[in-house]
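Structural overview for review
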Amino acid sequence: MDDLPPTRVTVLAEDALLGLLLPFWQVVIGAFVLFVVLVSVARLARRGRSRMTTALLVTAAAIAGFAVVGVLLQG
């Protein structure tokens, strides 16, 4: 029995608790982001049509910019 090579032990449950909590925290963060977006859209809607148009254009430009940066950094 002493001539067997040493085996490596794989730890499967190293961060089991954190693995269980991770989806919960993602849901909490997602809910908070959704709440902030809804509040800001409501404030923009109360300010009038011209501010809404400007905000939509700025948001569209930011989304397009993030998409371009993501594509450039991907390759």
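Preceding this section is the structure that the text describes.
What comes next concerns the included structure. (Residues numbered from 1 in each chain as written. Predicted model: local features only at pLDDT ≥ 70, side-chain atom pairs only at ≥ 80, totals over all residues. Heavy atoms only, no water.)

Points about the overall build of the protein chain
Basically, it comes down to this: Think of it this way: any DSSP run of H or I at least four residues long counts as a helix, any run of E at least two long counts as a strand, and we number them from the N terminus. We call a residue buried when its accessible area falls under 20% of the maximum for its residue type, exposed when it is over 50%, and partly exposed in between, using a 1.4 Å probe and counting protein chains only. Using a 1.4 Å probe, accessible areas were evaluated by the Shrake-Rupley method; residue-level cover was limited to the displayed protein chains.
When helices and strands are tallied, the protein chain shows two helices and zero strands. Out of the 75 residues belonging to the protein chain, those deemed buried represent 1%. Within the structure as shown, the protein chain displays about 7300 Å² of accessible surface, and the carbon and sulfur contribution to it stands at 72%.

What about a positive patch on the surface?
Note the cut-off: The residues that make up patches have over 30% relative accessible area and no salt bridge, and they are joined within 9 Å when like-charged or within 5 Å when they are Val, Leu, Ile, Met, Phe, Trp or Tyr. Throughout this description, the term salt bridge denotes a Lys or Arg side-chain nitrogen within 4 Å of a carboxyl oxygen of Asp or Glu. In this charge count, Lys and Arg are treated as positive and Asp and Glu as negative; neither His nor the chain ends contribute. For charged residues, the charge sits on one atom: NZ in Lys, CZ in Arg, CG in Asp, CD in Glu.
Side chains of R43, R46, R47 and R51 sit close together on the surface and give a patch of like positive charge. With three residues, the top contributor of residues to the positive patch is helix α1 (residues 16-47). Assignment of secondary structure puts R46 in helix α1. Accessibility expressed as a relative area gives 65% for R46, which makes it exposed.

Focus on a nonpolar patch on the surface
Where nonpolar side chains cluster on the molecular surface, the patch consists of F24, W25, V28, I29, F32, V33, F35, V36, V37, V39 and V41 and spans about 1000 Å² of accessible area. Along the chain, V36 turns up in helix α1.

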